[in-house]
Every structure is written in C-alpha cells, then in structure tokens.
Amino acid sequence: MKIFIDAGHNHSGWNTGAVGNGMREQDITFEVAARLGRILENAGLQVRLSRPTLETNLGTDNNSSINTRWQMSNAWGADYFISIHVNAGGGTGAETLYFKPNSLEFAQVMQDVYSGQMGLRNRRVWHRDNVGVLRWTNCPAILLELAFIDAPPSAPDLDILRNRRPEMAAAAAQGVFAYLGINPGKDEPADPVRFNKIEELPTWAQPTIKKLVERGFLQGDGNGLDLSLEMARVFVVHDRAGVYD
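All figures in this text were calculated on a predicted structure; none of them were measured in a lab.

Engineer: Please explain the overall build of the protein chain as it appears in this structure.
Structural biologist: When its secondary structure is counted, the protein chain shows eight helices and eight strands. Radius of gyration (C-alpha) of the protein chain: 18 Å, near the 18 Å computed for a compact globule of 245 residues. For the protein chain, the residues scored as buried account for 50% of the 245 residues in total. Of the contacts made within the protein chain by residues no fewer than 6 positions apart, 76% connect residues no fewer than 24 positions apart. Here the protein chain has roughly 11,100 Å² of accessible surface; of this, 49% comes from carbon and sulfur atoms.

Structure below.
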C-alpha cells in the first residue's frame, strides 16, 4: 500500500503558508507530515513525502508548486494521497476537504478520528472542486486542515499546533488505520517517537537541544541524537530552570 503525504506549502519563496501567533503553516505541516510518514512506515506501509526536508521548495511559482505535488503522487502510483495543511481566518477546529466521490469515505473517517482524538471542534468534511491536489490526483485524495493558526487564545487550536505535533501525527495515523482496517498492534506504540535531528523536534524543544549540542552536552552536530519526547521535555525544564546557564 502506497501513501503519498504532502506537507502543504513551501519553506520559503513562493507558495508559502499562513502565519499566526508566531507560527508558520509550512513548518507545522512539514513536522506533522514527516511524523505521520514514520508512523505509517512503522506499520508496514510505503510512504513518500512531497517535502522530504524542512527546506524543500517545490516548483518555480504557486501553480507549479501545487502541480508538482499531484504529479509526484501520480508518477509514483500512490494508492492514497493526504495533504496536510493548517487553517486560517479566525475560526476554530479541524476540517477535511475532498473532491472525488471515491475520496468521501476516506475524508469522513479521517475527519472524525482526527478531530475526536485531538479534542477539536469537528467542522466536518467539505467538497471542493478548486483544489489542484485533490482534483488532479489519480488516487483517492484528501486535505486535512489540522487546526486554525489564528484561532482565539481561548480555543485549543493554538496549544495543539504549538506543543502537540506528535499527537496530531498520531491522530492522523489512527484515521488512516481506521479507514484501511489496519491494527498496528497494541503491544507497540503507533509512534515510537525518537528524534535524531534538531529540526525533527517540537519547536519548543529545539533551542534547548541546539544549545546542548553546541556546548557538547549532547553528542554530534544535531544528527543521531536519539532523543525521546520525554527526554526533550526534561532538558527543556532544566534549561528553563537555569541549569545550563
């Protein structure tokens, strides 16, 4: 089974994403897409990413950036296509877009599982005929809007986007598993999160881990760190307490 995962937008230049509350859409989508890909690979699925690195920019303008994504999926012969995005416009919650009738059930399952697990307002699924990656992709294709980057502070969206990206990826993976009827196994976590590079870490942990690498407390130049999420949390707590000053 081949799953193509598109991290929406480019890192810089053309076709960059929404911004809000000190966050950029393209950074969030890359992190969630990369984590989702690792979870699905651990479950035995074949995965290909549109943006294999954070700095990847696709195409030479907005149109070619969008076209490159569905063309990559079609050329690979993907069985399913998932585009990861972040919403904007002052709302709250998650929603999933689709175009082709054969994508509707996939969209509904993903939407219900993801929004339920993340405790987000369920904005339902929406048929859209003007989204290139949905319209021109050969296989069933959906676009998941994770949450609102410009949501009001009282909404859960901002904390989720800022601090719970591994959980977003795991929730999206559960949507895929539910739709495909896959049980990754109860004895192994769906996402055995290990961070080998600084840019793979949640944004709240990156400054601390970079400091520790530069000072020689952690081995290497940011590669091969093999940190768990809990280890990263401990380092950050110590850093905020002034242990490394």
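Let us keep going from here.
Engineer: Hey, could you run me through the environment of Pro 52 in this one?
Structural biologist: With respect to the helices, strands and loops of the structure, Pro 52 is situated in the loop between strand S4 (46-49) and helix H2 (62-76). Pro 52 sits in the exposed class, given a relative accessible area of 57%. In the structure, Pro 52 is positioned 115 residues away from Glu 167 in sequence and 20 Å away in space, judged by C-alpha atoms.

Engineer: Explanation requested: the packing of helix H1 (residues 25-42) against helix H6 (residues 165-180) in the structure shown.
Structural biologist: Helix packing for two helices is described by the angle between their axes and how far apart those axes are. Viewed as axis vectors pointing N to C, H1 and H6 meet at an angle of 50 degrees, and their least axial separation amounts to 8 Å. Here H6 runs oblique to H1, going by the angle between their axes. Crossing of H1 over H6 shows right-handed handedness. Contacts from Asp 27, Ile 28, Glu 31, Val 32, Arg 35, Leu 36, Ile 39 and Leu 40 in H1 reach Arg 165, Pro 166, Met 168, Ala 169, Ala 170, Ala 172, Ala 173, Val 176 and Phe 177 in H6.

Engineer: Sorry, what's going on with helix H7 (residues 206-214) here?
Structural biologist: Buried residues of H7: Thr 208, Ile 209, Lys 211, Leu 212 and Val 213, and no others. Backbone geometry just after H7 places Gly 216 at a positive phi near 85 degrees.

Engineer: In this structure, what is going on with the pattern of salt bridges? I would like to understand it.
Structural biologist: When charged atoms on two side chains of opposite charge get close, those side chains can pair. Counting across every chain of the model gives eight salt bridges. Of the charged contacts in the structure, one is a salt bridge between Arg 24 and Asp 27, with a shortest N-O distance of 2.9 Å.

Engineer: I keep staring at the pairing of strand S5 (residues 80-87) and nothing clicks. Help me out?
Structural biologist: Each regular strand displays side chains that alternate between the two surfaces of the sheet. Across the eight residues that make up S5, a large majority, eight, are buried. Going residue by residue along S5, you find Tyr 80, Ile 82, Ile 84 and Val 86 tucked away on one face and Phe 81, Ser 83, His 85 and Asn 87 tucked away on the opposite face as well. Pairing of strand S1 (residues 2-7) with S5, which is carried by five bridges, proceeds in the parallel orientation. Within the sheet, the bridge partner assigned to Ala 7 lies in S5 and is Ile 84. The sheet contact formed by S5 and strand S8 (residues 141-148) spans six bridges and is parallel. The partner of His 85 across the bridge, within S8, is Glu 145.

Engineer: Just checking my understanding: could you explain the nonpolar core for this structure?
Structural biologist: Where a protein is soluble and globular, its nonpolar side chains tend to be buried together. Ranked by internal contacts, the top residues of the largest apolar core, which has 46 residues, are Leu 40, Tyr 114 and Leu 146. Where this core is concerned, the elements lending two or more residues are S1, H1, S5, strand S6 (94-98), helix H3 (104-118), S8, helix H5 (157-163) and H6. Looking at this core, the element that brings in the most residues is H1, giving eight residues. For Leu 40, the residues in contact, after removing those within four places along its chain, are Ile 3, Ile 5, Leu 45, Val 47, Ala 173, Val 176 and Phe 177.

Calculation rules
- Residues numbered from 1 in each chain as written.
- Predicted model: local features only at pLDDT ≥ 70, side-chain atom pairs only at ≥ 80, totals over all residues.
- Heavy atoms only, no water.
- Helix = DSSP H or I, 4+ residues; strand = E, 2+ residues; numbered from the N terminus.
- Rg over C-alpha atoms; globule rule 2.2 N^0.38 Å.
- Buried < 20%, exposed > 50% of the residue type's maximum accessible area, 1.4 Å probe, protein only.
- Contact = heavy atoms within 4.5 Å.
- Areas by Shrake-Rupley, 256 points an atom, 1.4 Å probe, with all protein chains shown as cover.
- Axes fitted to C-alpha atoms, helices over the stretch in contact; angles between N-to-C directions.
- Parallel < 35°, antiparallel > 145°, perpendicular 65-115°, else oblique.
- Left-handed = near helix turned anticlockwise from the far one by under 90°.
- Salt bridge = Lys/Arg side-chain N within 4 Å of Asp/Glu carboxyl O.
- Pairing = 2+ DSSP bridges.
- Core = buried A, V, L, I, M, F, W, Y, C linked by side-chain atoms within 4.5 Å.

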